[in-house]
Amino acid sequence: MARIPQHFIDELIARADIVEVIGARVQLKKAGREYKACCPFHNEKTPSFWVSPDKQFYHCFGCGKHGTVIGFLMDYDHLAFPEAVEELATRLGLEVPHEGGGESAARRGDEPLYTLMAQVARFYSENLLREARARDYLLGRGLTVETIERFGLGYAPNSWNELLRHFGGGDTERKRLADGGLIIERERGPLRDGERYYDRFRDRIMFPIRDARGRVIAFGGRIIATGEPKYLNSPETVLFHKGRELYGLWETRRAHPNLRQLLIVEGYMDTVRLHQSGVDYAVATLGTATTAEHFRRIFRLVPAVTFAFDGDRAGRAAAWRALLQALPEAREGREIRFLFLPEGHDPDTLVGAEGRTAFEERLKSAVPLSEYLVRELSEQSELGHADGRARFAESARPLFAKVPEGVYRELLLERLAQVVGLAPQRLEELWNPGRAAMVPATPVRRAAPRGGAGAGRGSLVRQAIVRLLHYPGIAGEVSATERAGLDASEEPGVELLREILDNLREQPAELPAQLIQRWAGREGNDSLQKLLEREEVITDAPQAAGELRAALVKLADQAAGRRLEALEAKSRAGGLAPGEFEEFQRLINRLGHREARGG
Ligand SMILES: [Zn+2]
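### Describing the coordination of the zinc ion
Right, so step 1: On the protein side, the zinc ion has C39 (SG), H42 (ND1), C60 (SG) and C63 (SG) as donor atoms, found 2.0 to 2.3 Å from it.
Right, so step 2: Around the zinc ion sit four donor atoms, and with donor-metal-donor angles ranging over 103 to 119° the site reads as tetrahedral.
Right, so step 3: Each donor residue of the zinc ion belongs to the same chain, and together they define the spacing C-x2-H-x17-C-x2-C.

### Quick look at the packing of aromatic side chains
Right, so step 1: The full count for this structure, using the stated rule, is 28 aromatic pairs.
Right, so step 2: Relative to Y247, the ring of F151 lies with its centre 6.2 Å away and its plane at 40°, an arrangement referred to as tilted. Within this pair, whereas F151 is found in the loop between α7 (145-150) and β6 (154-156), its partner Y247 is found in the loop between β11 (231-233) and α10 (249-255), the two being separated by 96 residues in sequence. Both residues of the pair, F151 and Y247, count as buried.
Right, so step 3: Ring geometry for F295 versus F299: centroids 6.1 Å apart, planes at 15°, classification stacked. With F295 and F299 both in helix α12 (residues 292-301), this residue pair falls four residues apart, about one helical turn.
Right, so step 4: For F299, a relative accessible area of 12% gives the class buried.
Right, so step 5: Following the ring pairs from residue to residue traces out a cluster consisting of F295, F299, F307, F309, W320, F338, F340 and Y372.
Right, so step 6: The ring centre of F340 lies 5.0 Å from the NZ or CZ of R316, which sits over that ring.

### A short note on unusual backbone geometry
Right, so step 1: Here the bond from E228 into P229 is cis, since omega is -15°, no more than 30 degrees from zero.
Right, so step 2: You can see P229 is positioned in the loop between β10 (216-223) and β11.
Right, so step 3: Notably, Q56 is not glycine yet its phi reads approximately 55°, a positive angle.
Right, so step 4: Summarising the element assignment, Q56 is placed in the loop between β3 (49-52) and β4 (57-60).
Right, so step 5: Relative accessible area serves as the criterion here: at 10%, Q56 is assigned to the buried category.
Right, so step 6: Although it is not a glycine, D203 sits at a positive phi angle of roughly 55°.
Right, so step 7: Among the structural elements, D203 can be located in the loop between β8 (197-199) and β9 (204-210).

### Focus: the pattern of salt bridges
Right, so step 1: Enumeration according to the criterion identifies 36 salt bridges in this entry.
Right, so step 2: Two residues, D10 and R518, come together in a salt bridge whose shortest N-O distance is 2.4 Å. Here the residue D10 occupies a position in helix α1 (residues 6-15), and R518 occupies one in helix α22 (residues 512-518), the gap between them amounting to 508 residues.
Right, so step 3: What makes D10 buried here is its relative accessible area of 7%.
Right, so step 4: Given a relative accessible area of 7%, R518 falls into the buried group.
Right, so step 5: In this structure, the salt-bridge partner of D77 is R25, at a minimum N-O distance of 3.0 Å. Here D77, found in the loop between α3 (69-76) and α4 (81-92), pairs with R25, found in the loop between α2 (18-23) and β1 (29-31); they are 52 residues apart in sequence, far enough to count as distant. Note on accessibility: D77 and R25 belong to one class, buried.
Right, so step 6: Each member of the salt-bridge network shares a partner with another, and the members are R563, K570, E580 and E583.

Conventions used here
Residues numbered from 1 in each chain as written. Predicted model: local features only at pLDDT ≥ 70, side-chain atom pairs only at ≥ 80, totals over all residues. Heavy atoms only, no water. Donors = N, O, S within 2.8 Å, 3.2 Å for Na, K, Ca; no water. Tetrahedral: all angles 85-135°; square planar, octahedral: opposite > 155°, others 65-115°. Phe/Tyr/Trp six-rings, centres within 6.5 Å; stacked < 30°, edge-to-face > 60°. Helix = DSSP H or I, 4+ residues; strand = E, 2+ residues; numbered from the N terminus. Buried < 20%, exposed > 50% of the residue type's maximum accessible area, 1.4 Å probe, protein only. Lys NZ or Arg CZ within 6 Å of the ring centre and 35° of its normal. Salt bridge = Lys/Arg side-chain N within 4 Å of Asp/Glu carboxyl O.

Geometric descriptors of this kind do not, in isolation, establish any biological role.
Structure follows, in structure tokens:
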């Protein structure tokens, strides 16, 4: 099985700086030895998200999210484990080695599906050449052959089983077609010839949707003449999550190694036509509103984004929804703007009619988020009257609350206050009565549970694990005998302790985060994270090693004591089996020595 070797993951964690990686995505403020921020995983106004450079670990005391730099990338950038590793490695200029060659098992599991999607895309392209009606439609919409090829456009034949016949040779193939969302199972059971499936896309222009690496993961299908639905997308599959994908992003990134901005439009045709006209940084959401996930992807790539909407009512409603999604993402250094097209036009027709230069002039005049917000709310309130201004302030309040703390928020407050005709502070007081009088809120660390505070507390197992967690390197100081002494223990949690010890003795680690990362997704993961988050007073590695070994010896003694009692009882009840007498003797010796030493 191909996998990323443990030593490489350890190395990544040791070399990557979690503060730098998170700091590039979330605004961090230094607080003592650590850094804090408003949590990117839940909505909050006072920071409870902490990043520890010592532990190379982050933790949110609000929602409980926590992990290493790899875990953060997986959650924040929505990457699979191998992708997060790849991303970090690229940052550090390292090549990811693979054991056993090839790609990870998980990725290899999806490999046949990617291959199938690519074959199907080619099948649709070839069909486009055969179907004059479809080709004429695209050329009639102003697309060139070059564009059609660049975007891999195709045609799904007008048939219920053309695709099925081509690619559904056996059960495995059919299952794969269904997994890819390309065929649909009949609700009323198989036909007389035993056929259970039919093609999802029939008589449609096909737009392949590609992922960040250019692999086809889904399709959008547009009806050629008239009919419903006008657009049909692939369903959600293992490869395709429409809430995170942007149509045309791969093509955009290919055209621009140093992308500065993105233009978000609504349709496939808009995207393709804009690219053809030279506005080759246009992408489309896939029949959904812009999601929080979209925003994260967008701002990972570029600092500036413009949304283009049709000037009609549906367009305005969509724009407002986008604004609501955008508010939590608004902060200094990011630019979010809205472009409204003249009624009756969409980007496709407009760029076709007036060309790139005129269209980009319009882009320059797009309205910034704050202005759009003020404009929309003003239209709903009569600002000439005090009542109207009060209404404005009231409607702005929940929207303002979505904006994360920071310079941008202060500027927005100033702007809103200006409209209402009040000083910014006064407006904020009106919104949050009593807030001004409050002492600035400081995050309070959750106290360790009673009895759990301090280094010497908690069960022996816990004491041992905590020390290994903070100083994984000390596992190497545990002798084989000390380790073997644990085998007989039945204390709660001892299994986890044994696993950790064995793991670290076999493959030493130096940093807490390395150990945590090894346990990601494994049993005991949660307990480890919780233990690491608690403040523990352990001064240094030698002290920790001493305490660890003492705990191990005590655990072994406990187990021995229990075994001794059991053997005593057995001997009273009728006698020991062969070998048990020797064991009895050994246990007495062992425990006797300890008592003699006062241990
Ligand atoms: Zn949180």
